[in-house]
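Working through the structure, step by step
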Amino acid sequence: MTDEVPCTYTTAIAALLLGALGPRERQDLEAHLRQCPTCLGELVFLAPLPGLLYRAAPPGSCPRWDP
C-alpha cells in the first residue's frame, strides 16, 4: 500500500469496463487515461473482471451456506 493520493477518476474505471458510463463520461475518462499512468494501470488491472463476472455461477445455482 502506498501513501499516494488516489486519482478522482479511478472510481469510474469499473463503470467504463462494465459499459455503465454515458458517452460524455466515457469520452472524458478515455482522454484522462491518456495522461494518467495511475488510472491506466488500474484499467489494465481490472480489465479481466467483466469476463470473470460472465463466468460466475448464476444466482440460485449454488446452495446457500449458513455458518
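The coordinates are above.
Residues numbered from 1 in each chain as written. Predicted model: local features only at pLDDT ≥ 70, side-chain atom pairs only at ≥ 80, totals over all residues. Heavy atoms only, no water.

**Regarding helix α3 (residues 37-46)**
Because each turn of an α-helix spans 3.6 residues, side chains separated by three or four positions in sequence point in the same direction. To keep it simple, the criterion reads: Partly exposed residues are those whose accessible area sits between 20% and 50% of the maximum for their type, while under 20% is buried and over 50% is exposed, using a 1.4 Å probe and protein chains only. The secondary structure listing takes helices from DSSP runs of H or I that are at least 4 residues long and strands from runs of E that are at least 2 residues long, numbered from the N terminus. What the arc describes is the spread of directions from the helix axis to the C-beta atoms. Here, two residues are considered to be in contact whenever any of their heavy atoms come within 4.5 Å of each other.
Taken residue by residue, α3 has Cys39, Leu43 and Leu46 as its buried positions. Down the axis of α3, the smallest arc covering the buried residues is 80 degrees, so these residues share one side. Exposed residues on α3 whose side chains face more than 90 degrees from its buried face are Pro37, Val44 and Phe45. Elements in contact with the buried residues of α3: α1 (13-17), α2 (23-33) and α4 (49-55).

**Notes on the environment of Leu16**
Inspection of the secondary structure puts Leu16 in helix α1. Note: C-alpha distance between Leu16 and Leu29 (13 residues apart in sequence) is 8.2 Å. Leaving out residues up to four positions away in the same chain, Leu16 has contacts with Leu21, Arg26, Leu29, Glu30, Leu33 and Leu43.

**A short note on α2**
Regarding α2, the residues found buried are Leu29, His32 and Leu33. End-on view of α2: buried residues confined to an arc of 100 degrees, all on one side of the axis. Within α2, the exposed residues directed more than 90 degrees away from the buried face are Pro23 and Arg24. Contacts from the buried residues of α2 go to α1 and α3.

**Here's the deal with the state of the cysteines**
Here is the rule we go by: A pair of sulfur atoms, both from cysteines and within 2.5 Å, is called a disulfide here.
In total, this model carries zero disulfides according to the counting rule given. Between Cys7, a cysteine without a disulfide, and Cys39, which holds the nearest cysteine sulfur, the sulfur-to-sulfur distance is 3.7 Å. For Cys36, which is in no disulfide, the shortest distance to another cysteine sulfur is to Cys39 and amounts to 3.7 Å. The exposure class assigned to Cys36 is buried, which follows from its relative accessible area of 11%.

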